[in-house]
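# Survey of secondary and tertiary structure
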Amino acid sequence: QVQLVESGGGLVQPGGSLRLSCAASGSIFNIYAMGWYRQAPGQQRELVASTTSSGSSSSADSVKGRFTISRDNAKNTVYLQMNSLKPEDTAVYYCNAEVQTTPARVRFLYWGQGTQVTVSS
């Protein structure tokens with residue numbers, strides 16, 4: 001099995017910064033894409049940013065220029081640096097990872113449990 005554990009959420013004032021981390025552990029042969037999603041109350045889960053194993057990345061228009069996704073393949077960890085936070089960034093943030101557990105297995109998408117980010121004065 002594979003586990004994703006997020007950390008780094010919390011309460012921050014508008015304009016502030018937070019750095020989220022998501023570490024994958026367990027039976028891992030290879031990790032392909034990794035990403036961050038968020039879900040605000042009453043809203044659908046939306047993609048925030050994603051990155052491939054080669055390091056290319058993309059992000060939602062709403063966070064471009066403010067959020068940066070990065071990963072450390074040696075640590076099986078993906079990060080989300082969030083700057084210039086706004087109240088509308090308030091949500092539960094989830095990471096996911098496309099993982100192959102053995103060379104013979106197909107890839108499977110795993111999710112973390114989520115971490116709350118609240119932007120408020």
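Just above sits the structure.
So, here is what we can say about the structure in this document. Keep in mind that this is a model prediction, so the values were computed, not measured.

## What to know about the sheet that holds strand β3 (residues 18–26)
Strand order across the open sheet formed by four strands is β1-β3-β8-β7, with antiparallel pairing between neighbours. The open sheet has two edge strands with one neighbour each: β1 (2–7) and β7 (67–72). Put simply, the sheet's adjacent strands are angled 15 degrees from each other on average, direction ignored. For β1 and β3, the ladder comprises six bridges, and the chain directions are antiparallel. Paired with S7 across the two strands is S21, which belongs to β3.

## Considering the pattern of salt bridges
Opposite charge on two side chains allows them to pair when their charged atoms are near. Tallied over the full model, the rule gives five salt bridges. Here E46 ties to R38 by a salt bridge, and the two come within 2.7 Å at their closest N and O atoms. You can call R38 buried: its relative accessible area is 7%.

## A closer look at the state of the cysteines
Cysteine pairs can be linked by a disulfide, which is a covalent bond between their two sulfur atoms. Taken as a whole and assessed by the stated rule, the structure comprises one disulfide. A sulfur-sulfur separation of 1.9 Å characterises the disulfide bridge that pairs C22 with C95. Residues C22 and C95 are joined through a disulfide that is right-handed, its torsion about the S-S bond being 50 degrees. On the criterion of sequence distance, the pair formed by C22 in strand β3 and C95 in strand β9 (residues 91–100) is long-range, its members being 73 residues apart. C95 shares its class with C22; the two are buried.

How each quantity is defined
- Residues numbered from 1 in each chain as written.
- Predicted model: local features only at pLDDT ≥ 70, side-chain atom pairs only at ≥ 80, totals over all residues.
- Heavy atoms only, no water.
- Pairing = 2+ DSSP bridges.
- Helix = DSSP H or I, 4+ residues; strand = E, 2+ residues; numbered from the N terminus.
- Axes fitted to C-alpha atoms, helices over the stretch in contact; angles between N-to-C directions.
- Salt bridge = Lys/Arg side-chain N within 4 Å of Asp/Glu carboxyl O.
- Buried < 20%, exposed > 50% of the residue type's maximum accessible area, 1.4 Å probe, protein only.
- Disulfide = S-S within 2.5 Å.

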